[in-house]
Amino acid sequence: MRWRNDDERIVYQSLAMITQFGLNMLVPICMMSALGVWLDRKLGTSWITILFFAIGAVAGGQNVYRLARRMCAGEEPDREQGVADEDGGSGEADE
């Protein structure tokens, strides 16, 4: 039964991560596109939406990249801690 709980936890963490990646990509694109449409209507132009969509896509890509870097950096100390715990020590010499 314990394996099932661990598996469910991993699945939920994975779903949360996928959702975060999606939201971090879509929110800037949608907001910048909406701003571009509003500005196009106000100014009577037709190119601002395309420009703002591209800016939103770049911002979303940066968000996803930063999130991925944070997640990878957060996993490394856990691995090192797990290695220290497995050998029974805390990394300090026992006296």
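Cut-off values and rules
Residues numbered from 1 in each chain as written. Predicted model: local features only at pLDDT ≥ 70, side-chain atom pairs only at ≥ 80, totals over all residues. Heavy atoms only, no water. Helix = DSSP H or I, 4+ residues; strand = E, 2+ residues; numbered from the N terminus. Buried < 20%, exposed > 50% of the residue type's maximum accessible area, 1.4 Å probe, protein only. Contact = heavy atoms within 4.5 Å. Polar contact = N/O pair within 3.5 Å; in protein donor to acceptor, adjacent residues only side chain to side chain. Patch = residues over 30% accessible without salt bridge, like charges linked within 9 Å, V, L, I, M, F, W, Y side chains within 5 Å. Areas by Shrake-Rupley, 256 points an atom, 1.4 Å probe, with all protein chains shown as cover. Salt bridge = Lys/Arg side-chain N within 4 Å of Asp/Glu carboxyl O. pLDDT = per-residue confidence, 0-100.

## Some points on the overall build of the chain
Then, in step 1: Counting its secondary structure elements, the chain contains two helices and zero strands.
Then, in step 2: By residue count, 13% of the 95 residues in the chain fall in the buried class.
Then, in step 3: Restricting the contact set of the chain to residue pairs at least 6 apart, pairs at least 24 apart contribute 59%.

## A short note on the side chain of Thr49
Then, in step 1: Structurally, Thr49 can be placed in helix α2 (residues 48–86).
Then, in step 2: A distance of 3.2 Å separates a polar atom in the side chain of Thr49 from the backbone nitrogen of Val37.

## What about a nonpolar patch on the surface?
Then, in step 1: There is a patch of nonpolar side chains on the surface, built from Val11, Tyr12, Leu15 and Ile18 and spanning about 430 Å² of accessible area.
Then, in step 2: Along the chain, Val11 turns up in helix α1 (residues 2–43).
Then, in step 3: Overall, Val11 belongs to the partly exposed group, its relative accessible area being 46%.

## Here we look at the confidence of the model for the chain
Then, in step 1: Chain-level pLDDT for the chain is 82 on average; 75% of the residues reach the 70-or-more range.
Then, in step 2: Segment residues 76–80: pLDDT under 50, and zero contacts once partners within four positions in sequence are set aside and those in other chains are kept.

## Description of the environment of Arg66
Then, in step 1: Of note, Arg66 is situated in helix α2.
Then, in step 2: Residue classification places Arg66 among the partly exposed positions, given a relative accessible area of 47%.
Then, in step 3: Arg66 sits 42 residues away from Asn24 along the chain, and the two C-alpha atoms are 10.0 Å apart.

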